[in-house]
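Residue-level structure breakdown
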Amino acid sequence: MCESRVNAPDAGQRGETTRILLDCDTGIDDALAILYLAGLEGVSIVAAGSVHGNVPAPLGALNTLRVLELAGLDDVPVAVGAARPMAQPLQTAEFVHGEDGLGNIHWPMPRRRPSAEPAAQQIVRLAREQPGELVLLAIGPLTNLGLALLLEPELPRLLRRVVVMGGAVYRAGNATADAEANVWHDPEAAELALGAGWPLTLVGLDVTMQVSLAGDALAELQAASSAVGRFAWSILQHYLAFYESYYGARMCHLHDPLAAGIAVDSSLARYRRTPVHVELRGERTRGATRGSLPWWLNPPSGEPEVEVAVEVDAERFVRGFLDVLAGARAP
Ligand code: BDR
Ligand code: CA
């Protein structure tokens, strides 16, 4: 268990536990998201599945096990998921996350191994076993979600809520000028997931680029003495170097941790309801996510809508994140 457990506002206040079914491509910011969730009161990670993306899916599963072990969550099953996107070749992002996906720290092998069941099947099975209970938190490409929707057409009615880190609806992308990385890694799966008609919250670059770790916040993490804090600091070095080479500043965005935060406490953000489509055929814009403009320009189309996070309380989120990862409460 993380050394410090901090109360998660939504779940804590209602006295309920938020039951998270995680889908991830662990990855540096995925690892931070897992450690953050592990340190929140009122949150239970029921199971995790890996997907291609930052690293190949089998390595993503091992990294997920590594991080869960560090957090003391030795009973969370981890399934290996889709090895490649639905309609394009596999592309991974070691230049961002390191050859090992964890900033090249070459952390020891975890004690446990992934379970035999594929991740998409695990989503379907758990959703059937616990109807209306689970919050599906997807912080990697959406291939497993797409597959699970094909396996079980009733899935949208079996989940409590779906929270996706992905897309850039009203701003530029980060993988290309138009596409955010998780959507760009599998645009067809993203189009399936965004049109499924389930209660989906999209935590895209629209808000994750508003949340960064820099200056005093980095210093606070660097000073952390807990095992979790030291691990977070060590994996962050590669991520920070990548950001510095790109932005020329010592900082990074907290994409996946913010999605985790919003999955637990929706009051962190403000939302706009709109259908969101993924550009699948654009010669230069494949993977772009586009929503509608306000109703007076785009009358309601009757298509399934999602909730796009458009504004976030960045200060409150970063404070809560540091409370868990650095184990220190604000004075
Ligand atoms: C997303 O892409 C990945 O590199 C990160 O882990 C995050 O899920 C941000 O665009
Ligand atoms: Ca990720």
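Residues numbered from 1 in each chain as written. Chains lettered and ligands numbered in written order. Predicted model: local features only at pLDDT ≥ 70, side-chain atom pairs only at ≥ 80, totals over all residues. Heavy atoms only, no water.

**Considering the side chain of Glu-117**
Here Glu-117 lies in the loop between helix H4 (94-97) and helix H5 (119-129). Within the structure, the side chain of Glu-117 is placed 2.9 Å from the side chain of Arg-125, a separation counted as a polar contact. The contacts of Glu-117, once residues within four sequence positions are left out, are Ala-79, Val-80, Gln-122 and Arg-125. (Helix = DSSP H or I, 4+ residues; strand = E, 2+ residues; numbered from the N terminus. Polar contact = N/O pair within 3.5 Å; in protein donor to acceptor, adjacent residues only side chain to side chain. Contact = heavy atoms within 4.5 Å.)

**Concerning the packing of aromatic side chains**
What the rule picks out here adds up to ten aromatic pairs. Geometrically, the ring pair formed by Tyr-243 and Tyr-247 is stacked, given 5.6 Å between the ring centres and 20° between the ring planes. Here Tyr-243 pairs with Tyr-247, and both are found in helix H12 (residues 227-247), just four residues apart, close to one helical turn. Judged by relative accessible area, Tyr-247 falls into the partly exposed class, the value being 38%. Three or more aromatic residues joined by ring pairs make a cluster, and in this case those are Phe-95, Tyr-239, Phe-242, Tyr-243, Tyr-246 and Tyr-247. Above the face of the Tyr-170 ring, Arg-272 is positioned so that its terminal group lies 4.8 Å from the ring centre. (Phe/Tyr/Trp six-rings, centres within 6.5 Å; stacked < 30°, edge-to-face > 60°. Buried < 20%, exposed > 50% of the residue type's maximum accessible area, 1.4 Å probe, protein only. Lys NZ or Arg CZ within 6 Å of the ring centre and 35° of its normal.)

**Considerations on the coordination of the calcium ion (ligand 2)**
Here the calcium ion (ligand 2) is held by the protein donor atoms Asp-25 (OD), Asp-30 (OD), Asp-30 (OD), Ile-139 (O) and Asp-256 (OD), which lie 2.2 to 2.7 Å from it. All donors to the calcium ion (ligand 2) come from one chain, and their sequence spacing reads D-x4-D-x108-I-x116-D. In this pair, Asp-30 is assigned in helix H2 (residues 28-38) and Asp-256 in helix H13 (residues 255-264), connecting sequence segments 226 residues apart. (Donors = N, O, S within 2.8 Å, 3.2 Å for Na, K, Ca; no water.)

**Things to note about the site of ligand 1**
Near ligand 1, the surroundings consist of Asp-29, Asp-30, Asn-54, His-97, Ile-139, Met-165, Asn-174, Glu-180, Ala-181, Asn-182, His-255 and Asp-256. One of the side-chain nitrogen or oxygen atoms of Asp-30 is found 3.1 Å away from an oxygen atom of ligand 1. In this structure, an oxygen atom belonging to ligand 1 sits 2.9 Å away from a side-chain N or O atom of Asn-54. Coverage of ligand 1 by the protein amounts to 94% of the 280 Å² it exposes when considered alone. When residues of the shell around ligand 1 are traced back to their parent elements, those giving at least two are H2, helix H8 (181-185) and H13. Of the residues assigned to the shell around ligand 1, the class counts are three nonpolar, five polar and four charged. (Near = heavy atom within 4 Å. Areas by Shrake-Rupley, 256 points an atom, 1.4 Å probe, with all protein chains shown as cover. Nonpolar A, V, L, I, M, F, W, Y, C, P; charged D, E, K, R; others polar.)

**Re the nonpolar core**
Core analysis: the largest hydrophobic core is formed by 74 residues, its most contacted members being Leu-22, Leu-137, Leu-213, Phe-317 and Leu-325. Among the nonpolar cores identified, the runner-up in size contains 34 residues, and Ala-47, Val-124, Leu-142 and Val-162 belong to it. (Core = buried A, V, L, I, M, F, W, Y, C linked by side-chain atoms within 4.5 Å.)

**What to know about helix H9 (residues 187-194)**
When H9 is considered as a whole, its buried residues turn out to be Pro-187, Ala-189, Ala-190, Ala-193 and Leu-194. Within H9, the buried residues cover an arc of 155° as seen down the axis, which keeps them to one side. (Arc of directions from axis to C-beta.)

**Some thoughts on the sheet that holds strand E11 (residues 269-274)**
One open sheet accounts for eight strands, arranged E5-E4-E2-E6-E7-E8-E14-E11; its pairing is mixed. In this open sheet, the two strands that pair with only one neighbour each are strand E5 (78-79) and E11. Note: strand E4 (residues 43-50) against E5, two bridges, orientation parallel. When the sheet's bridge partners are listed, Gly-49 is paired in E5 with Ala-79. Where H5 meets the sheet, it contacts strand E2 (18-24), E4, E5 and strand E6 (134-138), and its direction lies at approximately 145° from that of E4. Across the sheet, H13 touches E2, E4, E6, strand E7 (161-165), strand E8 (200-203), E11 and strand E14 (306-312), and the angle it forms with E7 is around 160°. (Pairing = 2+ DSSP bridges. Axes fitted to C-alpha atoms, helices over the stretch in contact; angles between N-to-C directions.)

**Digging into the packing of helix H11 (residues 215-222) against H12**
Running from amino to carboxyl end, H11 crosses H12 at an angle of 135°, the nearest separation of the two axes being 9 Å. As far as their axial angle goes, H12 and H11 are oblique. Judged by residue contacts, Leu-218, Leu-221 and Gln-222 of H11 engage Gly-229, Trp-233, Leu-236 and Leu-240 from H12. For the contact of H11 with H12, the residue count by class is five nonpolar, two polar and no charged. (Parallel < 35°, antiparallel > 145°, perpendicular 65-115°, else oblique.)

**Observations regarding the pattern of salt bridges**
The final tally for this structure, using the stated rule, is 16 salt bridges. With a closest N to O distance of 2.9 Å, Arg-128 and Glu-152 form a salt bridge. With Arg-128 in helix H5 and Glu-152 in the loop between helix H6 (143-151) and helix H7 (155-158), this residue pair connects regions lying 24 residues apart in the sequence. Taking the relative accessible area as the measure of exposure, Glu-152 reaches 11% and is therefore buried. The shortest N-O distance in the salt bridge between Arg-319 and Asp-323 comes to 2.9 Å. Of the two residues, Arg-319 and Asp-323 both sit in helix H14 (residues 314-325), four residues apart, roughly one turn of that helix. Overlapping salt bridges bring together Glu-69, Asp-74 and Arg-111 as one network. (Salt bridge = Lys/Arg side-chain N within 4 Å of Asp/Glu carboxyl O.)

**Some remarks on the pairing of E7**
Across the five residues that make up E7, a large majority, five, are buried. Side chains of E7 alternate between two faces, with Arg-161, Val-163 and Met-165 and Val-162 and Val-164 buried alike. Where E7 and E8 come together, four bridges link them in parallel fashion. Across the sheet, Met-165 pairs through a bridge with Val-203, a residue of E8.

Remember, this is a structural readout, not a statement about activity or role.
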